[in-house]
Amino acid sequence: MNILDKIYKAFNWVSGDIAIDLGTANTLIYLSGQGIVINEPSIVTRSVHDGKVIAVGNDAKAMMGKTHRGLETIRPLHDGVIANFNMTDEMLQGFIRKINLNRLARPKMVICVPSGVTEVERRAVKDSGERANAKEVYLIEEPMAAAIGIGLEISKPIGNIIVDIGGGTTEVAVIALNGVVSKETIRIAGDEMDESIVQWFRNEHKLDIGIPTAEAIKITVGSAMRMKAETISIKGRDLISGIPKVVDVSSDEIRQALKDPVNSIVEAVRKALEQTPPELSSDIIDRGIILTGGGSLLRGLDQIIRERTNVPVNVAENPLLAVVQGTGIVLENLEKYEAVLM
Ligand code: ADP
Ligand code: MG
């Protein structure tokens, strides 16, 4: 072992190029030669007094809703836009520090950003990668990365339709010949479902619940279609008296609570289909719609899209990993994918 290798080993430094899925809900990092090394929520906890970042990712999520007045937890990419540059940067730096990359190396970086981000925001993300010591930073749009991640042949003159339902945004993209042919983005996805559940409990049960509880309800009993009935007990705070109370609700009620965001997602898919050039429409009917992103795991969502569009629908094998896998493939084959980089 030469002296440099000994130093790296002593510091537990790892080396390699990195691919990042900078999602509104979750950030995932792929390290070349190793695979996915970070898969954590896109959350930061900071001090209100001096703005100092206390925790990122899982550590920050654990503090959500439990912080005192001196601390706040924020989601810098809430709503699918980079709502807070500095915090996005701090979060990225925090995650990259967690991997413990060799401080002397200059890795290549591919970062996948929500496709709604502006030119200024893209520049900011690139700068952020450079501050993390990257030699070169390439950006890629989310639907492209998702398509590559699930193994679609995006360079062919064949139309594929990808619907990525994340935390902040649903992006519907028709892809062919290494490009996005048509696109429909709405700021309604998983977060909006959680908010609809919170609202439902306030209106129907005068019960105040937090977002993390609403998300847990969505994941355990939420659905887009009628399913086998289940009942669960929800703990919250009575809106009027302010004291804790428990309410029993059925899964059917949660389905009703989710109706608006589900309808909006279905409408976005329909709209994208309408805008698709006829030559590609026939490919899509043959090949179907592919759903990615965590929101696509809502039970029955694939089925309702199928019923309302008459097009076959499939959920990707690992919907939460498709984007980081695609970004990783691009990182390992930069020349081949030059056309899709920004
Ligand atoms: P982003 O790319 O915006 O970071 P993700 O693809 O990581 O988003 O998806 C996050 C969203 O997926 C969250 O709103 C989360 O609640 C939702 N989600 C994760 N698992 C499930 C599930 N089993 N059922 C329904 N929604 C889910
Ligand atoms: Mg995503």
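The coordinates are above.
Procedures and definitions
Residues numbered from 1 in each chain as written. Chains lettered and ligands numbered in written order. Predicted model: local features only at pLDDT ≥ 70, side-chain atom pairs only at ≥ 80, totals over all residues. Heavy atoms only, no water. Helix = DSSP H or I, 4+ residues; strand = E, 2+ residues; numbered from the N terminus. Rg over C-alpha atoms; globule rule 2.2 N^0.38 Å. Buried < 20%, exposed > 50% of the residue type's maximum accessible area, 1.4 Å probe, protein only. Contact = heavy atoms within 4.5 Å. Areas by Shrake-Rupley, 256 points an atom, 1.4 Å probe, with all protein chains shown as cover. Lys, Arg positive; Asp, Glu negative; His and termini not counted. Charge placed at Lys NZ, Arg CZ, Asp CG, Glu CD. 1 Å grid on protein atoms, 1.4 Å probe; cavity = no way out; pocket = protein on both sides within 12 Å on 5 of 7 lines; lining within 4 Å. Points joined across faces, edges and corners; volume = space filled by probe spheres on them. Nonpolar A, V, L, I, M, F, W, Y, C, P; charged D, E, K, R; others polar. Pairing = 2+ DSSP bridges. Core = buried A, V, L, I, M, F, W, Y, C linked by side-chain atoms within 4.5 Å. Near = heavy atom within 4 Å. Polar contact = N/O pair within 3.5 Å; in protein donor to acceptor, adjacent residues only side chain to side chain. Sits in = over half its atoms within 2 Å of the grid points. Arc of directions from axis to C-beta. Salt bridge = Lys/Arg side-chain N within 4 Å of Asp/Glu carboxyl O.

Teacher, can you tell me more about the overall build of the chain here?
A tally of helices and strands in the chain yields twelve helices and 16 strands. Relative to the compact-globule value of 20 Å for 342 residues, the chain shows a C-alpha radius of gyration of 21 Å, a close match. Dimensions of the chain along its principal axes, counting C-alpha atoms only, are 65 × 60 × 35 Å. Out of the 342 residues belonging to the chain, those deemed buried represent 51%. Contacts in the chain between residues at least 24 apart in sequence constitute 62% of all its contacts with a sequence separation of at least 6. Here the chain displays about 16000 Å² of accessible surface, and carbon together with sulfur accounts for 49% of that area. The distance from the centre of the 38 positive side-chain charges to the centre of the 45 negative ones in the chain is 5 Å.

Please explain the layout of surface pockets as it appears in this structure.
Rolling a probe over the atoms, with the probe sized like a water molecule, indicates the empty space that remains. For the largest pocket, the calculated volume is near 780 Å³. Lining the largest pocket are 38 residues, and of these Ala25, Asn26, Glu215, Gly294 and Leu320 sit closest to its centre. Of all the elements in the fold, those that place two or more residues in the lining of the largest pocket are strand 2 (26-31), strand 3 (35-41), helix 6 (190-205), helix 7 (211-221) and helix 12 (322-332). Per-element tally for the lining of the largest pocket: the top contributor is helix 7, with five residues. Split into classes, the residues belonging to the lining of the largest pocket amount to 15 nonpolar, 13 polar and ten charged. Space inside the second largest pocket adds up to approximately 200 Å³. As for the second largest pocket, its lining consists of Lys61, Ala62, Met64, Gly65, Lys66, Gly210, Ile211, Pro212 and Thr213. Each residue belonging to the lining of the second largest pocket can be placed in one class, and the counts come to four nonpolar, three polar and two charged.

Just checking my understanding: could you explain the sheet that holds strand 13 (residues 231-238) for this structure?
One key point about sheets: their strands pair by backbone hydrogen bonds, in either a parallel or an antiparallel sense. The antiparallel open sheet is built from three strands, whose spatial order is 12-13-14. Of all the strands in the sheet, just strand 12 (207-208) and strand 14 (244-250) have a single pairing partner and so form its edges. Bridge count for strand 12 against strand 13 is two bridges, and the pairing is antiparallel. Within strand 13, the residue paired with aspartate 208 across the bridge is arginine 237.

Explain the nonpolar core here, please?
Generally speaking, a soluble globular protein has its nonpolar side chains buried in company with each other. With 43 residues, the main nonpolar core has Ile197, Phe201, Ile209, Ile289 and Ile305 as its most contacted residues. Apart from the residues within four sequence positions on either side, isoleucine 209 is in contact with Ile197, Val198, Phe201, Ala214, Ile217, Ile234, Lys235 and Gly236.

Any chance you could explain the side chain of arginine 255 here in plain terms?
Inspection of the secondary structure puts arginine 255 in helix 8 (residues 251-257). Under the relative-accessibility criterion, arginine 255 is labelled buried at 12%. Dropping the residues within four chain positions of it, arginine 255 is found in contact with Ser223, Ala224, Met225 and Arg226.

What's the story with the site of ligand 1 in this structure? I'm lost.
Around ligand 1 lies a shell of 18 residues, among which Thr24, Ala25, Asn26, Glu215 and Lys218 are the nearest. Within the side chain of asparagine 26, one N or O atom sits 2.7 Å away from an oxygen atom of ligand 1. In the complex, 89% of the free accessible area of ligand 1, which totals 580 Å², lies under the protein chains. Mapping ligand 1 onto the cavity grids shows that it belongs to the largest pocket. Of all the elements, helix 7 adds the most residues to the shell around ligand 1, at three residues. Counted by class, the shell around ligand 1 contains five nonpolar, nine polar and four charged residues.

Teacher, can you tell me more about the environment of threonine 327 here?
With respect to the secondary-structure elements, threonine 327 resides in helix 12. Along the sequence, threonine 327 and isoleucine 148 sit 179 residues apart, while their C-alpha atoms lie 7.8 Å from each other. For threonine 327, the residues in contact, after removing those within four places along its chain, are Ala19, Ile20, Val110, Cys112, Ile140 and Ala145.

Looking at this model, I keep getting lost on the pairing of strand 13. Mind explaining?
By the bridge criterion, seven bridges tie strand 13 to strand 14 in an arrangement that is antiparallel. Among the inter-strand pairings, serine 233 is bridged to a residue of strand 14, identified as aspartate 248. Between the antiparallel neighbours strand 13 and strand 14 lie five residues, among them glycine 242 with a positive phi of about 80°.

Would you explain helix 10 (residues 278-287) in this entry?
Along an α-helix, a turn takes 3.6 residues, which lines up residues three or four apart on a common side. Three or more residues of helix 10 are buried, namely Leu280, Asp283 and Ile284. Seen from one end, helix 10 has its buried residues packed into an arc of 100°, which puts them on one side. What points out from helix 10, more than 90 degrees from its buried face, is the exposed set Pro278, Ile285 and Asp286. Buried residues along helix 10 sit against strand 9 (160-165), strand 10 (170-176), strand 11 (179-186) and helix 9 (259-274).

It is not clear to me how the pattern of salt bridges should be interpreted in this structure. Could you clarify?
Side chains that carry opposite charge are capable of pairing whenever their charged atoms lie near each other. Evaluated as defined, the whole model comprises 21 salt bridges. Here arginine 122 makes a salt bridge to glutamate 119, at a shortest N to O gap of 3.5 Å. Here the residue arginine 122 and the residue glutamate 119 both occupy positions in helix 4 (residues 119-131), the gap between them amounting to three residues, near one helical turn. Its salt-bridge partner being arginine 226, residue aspartate 252 comes within 3.3 Å of it at the nearest N-O pair. Of this pair, aspartate 252 sits in helix 8 while arginine 226 is found in the loop between helix 7 and strand 13, placing the two residues 26 residues apart along the sequence. Note on aspartate 252: relative accessible area 22%, which makes it partly exposed. By relative accessible area, arginine 226 is classed as exposed at 63%. Via salt bridges that share partners, Glu40, Asp59 and Lys98 belong to a single interconnected network.

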